[in-house]
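# Tertiary structure, described
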Amino acid sequence: MGVIDNALGIYPKALSFRSQRSAVLAGNIANSDTPGYKAKDYNFRDALKSSSDSFSVGLRTTNSGHQGSSISEDFGPLLYRVPSKETINGNTVESDVEQAAFSENAVRYQTTLQFLSGTISGLRLAIKGQR
Amino acid sequence: MGISNTFGITGSALSAQSIHIDAIAKNMANSQVVSGTEAGAFRARRPIFASMLNSSFEMSSSARSSSMNSRFGESNIAGVKVSRMEESRSPIEKQQMPGNPLADAEGYVYLSNVNLVEEMAHMMQASRNYQSNIEVLNTSKQLMLRTLTLGSS
């Protein structure tokens, strides 16, 4: 498993981050009418840093039911978004900002998928030795 | 985790918004209802939303330890639910209508406090919200399907 993970580089982790972030942004969009809800997001720099720090550290298995993994899922802290306008019910979700962030995240997810499938076809080529 | 959670979160928002639209439809349908007593007059009802922690709708949450949850940061990601329905507190208007069979001893009937313009505004908001959640669902579905075909080319 380790060999393949190393061969794929940072892309699996990037994919995992993008997918986690899409859930956070979907949560923001879902709560755009909830009184007192504060919009959240990850900081990409933190996520990159904490995943490269823990690059060689796997998931801890404290129970026989847990599955070990060499991919860490730590993306740094979830931060609150600073709203550009105030609302009367304390909700800081701005639908347009969240939708833009969600689309941007989706595009980056697809980009990562593209890179990943490029890497996989490269590996296939190397294994087979022919096209 | 991740995109598969998105479906749960967005699904909860869709159901909450459809409850909202349902309540608006009931308010508008009952806007012309009159009553013989002030207490019996129809009052507009509106849902109050609250966020719902992810673990409460995730099937596999029992299999995951709490320390892992905090590590994933997932306990912070929330769907939405309708926590309660609240009645509008705007005043009930009474109207002199002695001919109405429902009128009280002084000839008054009590109208509902539904404000049609307000209801329309709420309906537009709910429908916009519903649409953006549908958009999120579609995008997530596409990403998921593309991920499934990863490496098959």
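Just so it is clear, the model here is predicted, and its values are computed rather than measured.

## As for the overall build of chain A
- Secondary structure summary: chain A contains 4 helices and 2 strands in total.
- Along the chain direction, N to C, the helices and strands of chain A fall in the order α-α-β-α-β-α.
- Taking all 131 residues of chain A together, 42% fall into the buried category.
- Nonlocal contacts in chain A, meaning residues at least 24 apart in sequence, comprise 74% of its contacts between residues at least 6 apart.
- Entry remark: accessible area of chain A is about 7,400 Å², with carbon and sulfur atoms responsible for 56%.

## Observations concerning a nonpolar patch on the surface
- There is a patch of nonpolar side chains on the surface, built from Ile10, Phe44 and Leu48 of chain A and spanning about 250 Å² of accessible area.
- Looking at where Phe44 of chain A falls in the secondary structure, it is placed in helix H3 (residues 44-53).

## Quick notes on the confidence of the model for chain B
Residues and elements named next belong to chain B.
- On average, chain B scores 83 in pLDDT, and the residues at 70 or more come to 84%.
- Confidence, read as mean pLDDT per element, is least for helix H2 (residues 66-72) in chain B (41) and greatest for helix H3 (residues 116-148) (93).
- Note that residues 56-74 has pLDDT below 50 and, in this model, 29 contacts with residues that lie over four places away or in other chains.
- Overall fold confidence (pTM) sits at 0.79, and the ipTM for the predicted complex is 0.78.

## Remarks on the packing of aromatic side chains
- What the rule picks out here adds up to 3 aromatic pairs over all chains.
- Members of the aromatic cluster, each reached through a chain of ring pairs, are Phe17, Tyr42 and Phe44 of chain A.
- Residue placement shows Lys94 of chain B over the ring face of Tyr108 of chain B; its charged tip is 4.5 Å from the ring centre.

## Side note on the pattern of salt bridges
Residues and elements named next belong to chain A.
- Overall, the coordinates contain 10 salt bridges over all chains when judged by the stated rule.
- Residue Asp41 pairs with Arg21 through a salt bridge whose shortest N-O separation is 2.9 Å. Of this pair, Asp41 sits in strand E1 (residues 40-42) while Arg21 is found in helix H2 (residues 11-30), placing the two residues 20 residues apart along the sequence. By the burial criterion, Asp41 is buried, and Arg21 matches it.
- Note that Asp41 and Arg81 form a salt bridge whose closest N and O atoms lie 3.1 Å from each other. With Asp41 in strand E1 and Arg81 in the loop between strand E2 (78-80) and helix H4 (95-128), this residue pair connects regions lying 40 residues apart in the sequence.
- Assessed through its relative accessible area of 10%, Asp41 is described here as buried.

Thresholds, definitions, all that
Residues numbered from 1 in each chain as written. Chains lettered and ligands numbered in written order. Predicted model: local features only at pLDDT ≥ 70, side-chain atom pairs only at ≥ 80, totals over all residues. Heavy atoms only, no water. Helix = DSSP H or I, 4+ residues; strand = E, 2+ residues; numbered from the N terminus. Buried < 20%, exposed > 50% of the residue type's maximum accessible area, 1.4 Å probe, protein only. Contact = heavy atoms within 4.5 Å. Areas by Shrake-Rupley, 256 points an atom, 1.4 Å probe, with all protein chains shown as cover. Patch = residues over 30% accessible without salt bridge, like charges linked within 9 Å, V, L, I, M, F, W, Y side chains within 5 Å. Salt bridge = Lys/Arg side-chain N within 4 Å of Asp/Glu carboxyl O. pLDDT = per-residue confidence, 0-100. Phe/Tyr/Trp six-rings, centres within 6.5 Å; stacked < 30°, edge-to-face > 60°. Lys NZ or Arg CZ within 6 Å of the ring centre and 35° of its normal.

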